[in-house]
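# A look at the structure
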Amino acid sequence: MLKYFPIWPDQASTFAGNVDALYVFLVLVSVVMFVLIGAAAITFAVIYRRRPGVEATPIEGSTILELTWSIIPFIVMMIIFGWGAAIFFEERTPPRDSVEMYAVAKQWMWKFEHPEGQREINELHVPMGRNIKIIMTSQDVIHSLYFPALRVKQDVLPGRYTTLWFNATKVGEYHLFCAEYCGTQHSNMIGKIVVMQPAEYELWLNGGNNGRTSLVSTGQKLFTELGCSTCHKSDVQGRGPMLAGVFGKQQLLQDGRLVKVDEDYVRESILNPQAKIVSGFQPIMPTFQGQVTEEQLVSLVAYVKSLKADASTTTAQATPGQVK
Amino acid sequence: MATAAAPAGSNYLTNGSSVASWLLTKDHKRIALLYLLSVTFFFFIGGVFALLIRLELLTPQGDLLQADTYNKVFTMHGQIMVFFFLIPVVPAVLGNFLVPLMIGAKDLAFPRINLLSWYLYIVAGILMLWTLALGGVDTGWTFYTPLSSQFSRTNVVLAAVAIFINGFSSIFTGLNFIVTIHRMRAPGMTWSRLPLFVWAHYATSVIMVLGTPVVAITLLLVAFERLLHLGIFDPALGGDPLLFQHLFWFYSHPAVYIMILPSMGIISELIACFSRKRIFGYSAVALSSIGIAVIGFLVWAHHMFVAGISVYAALVFSFLTYFVGVPSAIKVFNWTATMYKGAVTLTTPMIYAIGFLGLFTIGGLTGLFLAAIGLDVHVTDTYFVVAHFHYVMVGGVVMGYLGGIHFWWPKITGRMYPEFWGKLAAMLGFVGFNLTFFPQFIVGYLGMPRRYWMYAPEFQVWNVLSTAGATVLAVGYLMPLIYLGWSLRYGEKVGDNPWGAVGLEWMTSSPPPTENFLEIPVVTWEAYDYEHIKEVPVVY
Amino acid sequence: MSTSETAGSHDLALRHQFVDSEQQRDASSMGMWLFLVTEVMFFGGMFTAYLIYRHANPAAFMAGSLALSVQYGAFNTVVLIGSSLTMALGVRCAQLGQRKALVGWLIATILLGATFLGVKAVEYTEKWENHHVPGPTFNFDTTKEPSTKDHPEAQAPSKSVEMYFSLYFAMTGMHALHMIIGIGLMSVLAWLSWKGMFGRDYYAPIEYAGLYWHFVDLVWIYLFPLLYLIGRRHNF
């Protein structure tokens, strides 16, 4: 029966059980409510049907009843809210040890890039049991990356990064859909996610991997080619801020604001360098808008993230106010 | 006083038969009928698109239509149904006809603006049909940028202008109702004596007046971006696509209440009349309408939980969304309780009302699924959402509307619809509706995204059921068109108050005279006072 | 539809749907105020966009603002405030039943409104010639523009300044459109006043047109500082 009338998507991530439990709870609440109201309506319609000589009994209303059927549903709703919020917090908080993959969406294609430099189109191979974080952006319109079996979905926006994370728990191939309408071939912007045993995943990664460079190395190469390294020096302070160790920290800006150095800030600083100038530096960096593709940007971001601070420079960098 | 006394036996229908007497009329009742014809027209245009969608989705492959044709079909289905049917349908037809009658006024406060509203609607409708003739629009009814502002190669500007103009029609209708309800009530018609239908229209009008201008300017900015390169939503200029979504949903979420509140007003009237009782908890039901209108303005971003808003914003909007759930629940409970110890007759309108209760309850409860953020991440943008809003907007609004049309049909035309066919259509509609949309909850939870032209084969069985249901539903909607048309000529003449209802609208003749009441009534009783008023005299 | 109520007062214009003229007055004044509420919401959408983008790009907004001419803006502000005065005087004359003076003030209002639009047209033309109109021809290099090159705090990418000008044209354009509608309205009313349509007993349309006119002025009173003056805080 269920083979022909499927009602349950595959459960293949750590979220799936919790999301489905909340769903079942809500289905039960709904059934109870619906049966109560339906039964009451039908019963009243039958028992109190209009009969000659029998008048309706006038009833004004009842404050106690009004309060009861406001407060009880409200309490139930707050339970649902809390439960949903708890799941959401988890879905939106990628663990620190996540493997970071990148996705660039365009009409009508998904491009994925593994940290090791492996690239895929409309297909994403991931190891089972690892926390995977996908950092995504779009080259054109809004898309949305959706894995029903993993119960996760996140819109992918042009001009900024959004993220999504999961931990797949079952080996197999599952749907990958674009869930935000994106134009003519929206329903063809689909693919699959392949969850593999970690060992097989390693094999897959290495298969045909002769001479492939990792994302970080690609970024590093680009960093030199584009001339970034002439100002952003790795050992001494150049005309631009030193980048080692800044990722994830708070940065003091020229106008006194603080900004967290995240993927979006790095991206913005490459494309729109004058938007947020680090305190103590001149707005001399040219824009790279139109000169780097989204995929190249992704590798640059990955490279900047990979730069760890030496012990000797950490102090100077952590308090940017001192840098002159 | 103002017009020459109409000859005895004359009513608003017989007062002039020339084309001009209809097209230049300032009589709210005639304008209501103009709207009735035009929204019905657009309903069936939108319905044809719905059938095309269902036919295409019968099989997983895209075999009936091309991908871009399909996209245009669902876009036009949405735009026509939302802006040209659901938003105007109850206020502009039944509200227009009944609000002045129910409060004992001779007309709306601004009859000429009322006529202007209809003309704006028609101009907007013609522009929409023109858009259609030029090949339609493929942005989805939501016009999300930058797809709509930069990437779509279709006539987005024309469609946006059509909806902009239609917005003014809606604004003027709302403005007219608010002023009328404030300033034109008959002596003794206090706020606490207003029929709940009028309360619901008041709440709706507030939303129309406050919300519509925002979507109007938003769509205009999209048009500016396409025409004049003013890149307010252009990501290349630092424009934020989420700003568009915020502005759009600031109107378009409350717009859901523009659609459903007037239908809720109808349900209150129907259940009171056919239970022969005052509505249980009159003030709770009245205030819940206002509550929905106010809170409805604070929840728009629950359409955007996965759009890229912050976790904290999502939490707040999820939390507030549950506050809209409470007044909606209050209404459902009070309607059910009204039937308790009543004297219930299951006429066609009452069957529609009970059908509304069932469908709206499902629509409301599935709203709880979508408001639970962690679960919404999975089901948003899937068919679960499609099913949910059809339960509210079609199951709710259309059931209420059809119930109302049947209930007031003898008032509007002076003739009765055929009861047997009425009941049959109501039940067919209920069954067909559930068959069409219930499978969509399941296929949505399975993960079928909305707006898909092709889909994975395992989704097919539910889509086949849905398409089968849609044909039943179509019959359920076509039948009233036929027998109501038939009854215009052959329907039984049933006198002024066939239901023995107590609203002021039943105290004038059916059809009412042009001036509504020969003398302005003085109200000395509470609303729905079935206890004391057994048989209302047609005195006015 | 409308008939004379009593002899002596020419055409009181009590419409059929109202019981008495007090109800009619209350209703129409409420309608007008509600309409202004919708207008507030209409402009509110654009002001929201302005606030968000200015917060995100303060330097670009300062740069764009520096490129506007405060002289033109200030002149236009004075012109509009003056037109509100002439409008108010017009309403006063309508209430007193002074037909010729009413027509005179309405024409003065129209002329001031037209002056405003004329100055706006000059400004728009200059923007066009300087390539400050968003679109393919837009060009604004904050390091080279005479208005911004000496302002280190107003250095921003051209694209962000283009956003400022997008908002500038959207907001002032919608405002100008409201002015044009207002002038059309005034012209009709001036003509009707000339024909003696309004008097001591019936001047509501003049009053409501006045409300509309004051509202459009008020929008400008917000637009002027938000668009023209934000970059100049140090210079005062």
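## Observations concerning the overall build of chain A
In terms of helices and strands, chain A carries eight helices and twelve strands. Here the C-alpha radius of gyration of chain A, 27 Å, is well above what a compact globule of 324 residues would show, namely 20 Å. Based on the C-alpha atoms only, the size of chain A along its principal axes is roughly 100 × 50 × 40 Å. Out of the 324 residues belonging to chain A, those deemed buried represent 36%.

## Describing the overall build of chain C
Of the regular secondary structure elements, chain C holds six helices and zero strands. Reading chain C from its N end, one meets helices and strands in the order α-α-α-α-α-α. In terms of its C-alpha atoms, chain C occupies a principal-axis envelope of roughly 75 × 35 × 30 Å. Across the 236 residues of chain C, 41% fall into the buried class. For chain C, contacts bridging at least 24 residues in sequence account for 75% of all contacts bridging at least 6.

## Describing the environment of B:Trp118
Relative to the elements of secondary structure, B:Trp118 occurs in helix α4 (residues 111-133). Excluding residues that lie within four positions of it along the chain, B:Trp118 makes contacts with B:Ile31, B:Leu34 and B:Tyr35.

## Some details on the packing of helix α7 (residues 196-228) of chain B against helix α8 (residues 241-275) of chain B
The angle between the axes and the distance between the axes are what describe a pair of packed helices. All names here are of chain B. Contact geometry of α7 with α8 gives a least axis separation of 8 Å together with a crossing angle of 165°. Looking at the two axes, α7 sits roughly antiparallel to α8. Judged by the sense of rotation from one axis to the other, the crossing of α7 with α8 is left-handed. Residue composition of the contact of α7 with α8, by class: 22 nonpolar, eight polar and one charged.

## A closer look at the interface of chain B and chain C
Size of an interface: often given as the accessible area lost when the parts come together. Counting residues at the interface gives 37 residues for chain B and 32 residues for chain C. Elements supplying a minimum of two residues to the side of chain B that touches chain C: α6 (156-183), α7 and α8 of chain B. The residue inventory of the side of chain B that touches chain C, partitioned by class, reads 26 nonpolar, seven polar and four charged.

## Remarks on the nonpolar core
With 347 residues, the main nonpolar core has A:Ala103, B:Ile103, B:Leu219, B:Ala372, B:Val397 and C:Leu167 as its most contacted residues. Here this core gets 23 residues from one element, more than from any other, and that element is helix α3 (residues 67-103) of chain B. The residues contacting B:Ala372, other than those within four sequence positions of it, are A:Leu22, A:Leu26, A:Ile80, A:Phe81, A:Trp83 and A:Gly84.

## Observations regarding unusual backbone geometry
Here A:Gln107 and A:Trp108 are connected by a cis peptide whose omega angle stands at -5°. With respect to the helices and strands, A:Trp108 occurs in the loop between β1 (99-106) and β2 (109-113). Backbone geometry at A:Asn122 places phi at a positive 55°, although glycine is not the residue there. Among the secondary structure elements, A:Asn122 is positioned in the loop between β3 (119-121) and β4 (123-127). Look at A:Asn122 and you get partly exposed, because 15 C-beta atoms sit within 10 Å. Within the chain, B:Asp381 stands out as a residue other than glycine whose phi angle is a positive 60°. Residue position: B:Asp381 is located in the loop between α12 (373-379) and α13 (383-413).

## A word on the interface of chain A and chain B
At the interface, 74 residues of chain A touch 73 residues of chain B. Those elements that provide at least two residues to the side of chain A that touches chain B are α1 (14-47), α2 (63-91), β6 (143-147), β7 (152-156) and β9 (172-178) of chain A. Among the elements that make up the side of chain A that touches chain B, the one with the highest residue count is α2(A) (17 residues). Taken together, the residues of the side of chain A that touches chain B sort by class into 45 nonpolar, 17 polar and twelve charged.

## Side note on α7(B)
All names here are of chain B. Compared with the 48 Å implied by 1.5 Å per residue over 33 residues, the 47 Å span of α7 between its first and last C-alpha is a close match. The principal kink in α7, of about 35°, is found at Gly211, preceding the proline Pro213 by one to four residues. In terms of burial, α7 is largely enclosed, as 30 of its 33 residues are buried. One or two residues past the end of α7 sits His229, with phi positive at roughly 65°.

## So, the sheet that holds β1(A)
In sheet architecture, strand pairing relies on hydrogen bonds along the backbone and comes in two forms, parallel and antiparallel. Residue and element names in this part refer to chain A. Across the sheet, which stays open at both edges, the five strands sit in the order β3-β2-β1-β5-β8 with mixed pairing between neighbours. Two strands bound the open sheet, and with one partner strand each, they are β3 and β8 (162-167). Pairs of neighbouring strands in the sheet enclose a mean axial angle of 25°, with direction left out of account. As judged from the five bridges shared by β1 and β2, these two strands associate in the antiparallel manner. Paired with Tyr102 across the bridge in β2 is Glu113.

## Topic: the packing of α8(B) against helix α9 (residues 282-295) of chain B
Residue and element names in this part refer to chain B. Where α8 contacts α9, the two axes come as close as 11 Å, and the packing angle between them is 175°. Considering the angle they form, α8 stands roughly antiparallel to α9. For the pair α8 and α9, the contacting residues are Tyr257, Leu261, Met264 and Ser268 in the first and Val285, Ser289, Ile292 and Ala293 in the second. In terms of residue class, the contact of α8 with α9 is made up of six nonpolar, two polar and no charged.

## Some points on the pairing of β9(A)
Residue and element names in this part refer to chain A. In terms of residue burial, β9 counts as a mostly covered element, since five of its seven residues are buried. When β6 meets β9, the two strands line up antiparallel, connected through two bridges. Each bridged residue has a counterpart across the sheet, and for Tyr146 the counterpart in β9 is Phe177. With five bridges joining them, β9 and strand β10 (residues 191-196) adopt antiparallel strand pairing. Along β10, the bridge assignment pairs His175 with Lys192.

## Observations concerning the pairing of β2(A)
Between β1(A) and β2(A), which pair antiparallel and follow one another directly, the connecting turn spans two residues. Following β2(A), the chain reverses through five residues before pairing antiparallel with β3(A); A:Gly117 in that reversal takes a positive phi of roughly 100°.

## So, the confidence of the model for chain C
Here chain C averages 87 in pLDDT, and 93% of its residues register 70 or above. Of the regions scoring below 50 in pLDDT, residues 1-11 of chain C engages in 13 contacts with residues more than four places distant in sequence or in other chains.

Thresholds applied
Here, residues in each chain are numbered from 1, in the same order as that chain's written sequence. A letter from A marks each chain and a number from 1 marks each ligand, given out in the order of writing. Local features in a predicted model are, by the rule used here, given only for residues with pLDDT of at least 70; side-chain atom pairs are given and counted only at 80 or more, and totals for whole chains, interfaces and linings are based on all residues. Helix and strand definitions here come from DSSP, where helices need a minimum of 4 consecutive H or I residues and strands a minimum of 2 consecutive E residues; each element is numbered from the N-terminal end. Radius of gyration means the value over C-alpha atoms here, while the globule rule gives 2.2 Å times the residue count to the 0.38 power. Whether a residue is buried, exposed or partly exposed follows from its count of other C-beta atoms within 10 Å of its own C-beta, namely 20 or more, 12 or fewer, or something in between, respectively; the C-beta atoms are built from the backbone. What counts as a contact here is a pair of residues whose C-beta atoms, placed from the backbone, lie within 7 Å. Structural elements are reduced to axes, namely lines fitted to C-alpha atoms, with helices fitted over the stretch in contact, and the angle between N-to-C directions of any two is expressed from 0 to 180 degrees. Geometric relationships in this document are graded by angle, where less than 35 degrees denotes roughly parallel, more than 145 denotes roughly antiparallel, 65 to 115 denotes roughly perpendicular, and other angles denote oblique. Each crossing is labelled by how the near helix is turned from the far one, with a counterclockwise turn of less than a right angle marking it left-handed and a clockwise turn marking it right-handed. All amino acids are sorted into three groups, where Ala, Val, Leu, Ile, Met, Phe, Trp, Tyr, Cys and Pro are nonpolar, Asp, Glu, Lys and Arg are charged, and the leftover types, Gly among them, are polar. Here, a nonpolar core means buried Ala, Val, Leu, Ile, Met, Phe, Trp, Tyr and Cys residues linked by C-beta atoms lying within 7 Å of one another. Helices are assigned an expected span. That span is 1.5 Å times one less than the residue count. Here the bend at a residue is taken as the angle between two axes, fitted respectively to the seven residues that end there and the seven that start there. Criterion used throughout: strands pair if DSSP finds at least two bridges between them. pLDDT expresses how confident the predictor is about each individual residue, on a scale running from 0 to 100.

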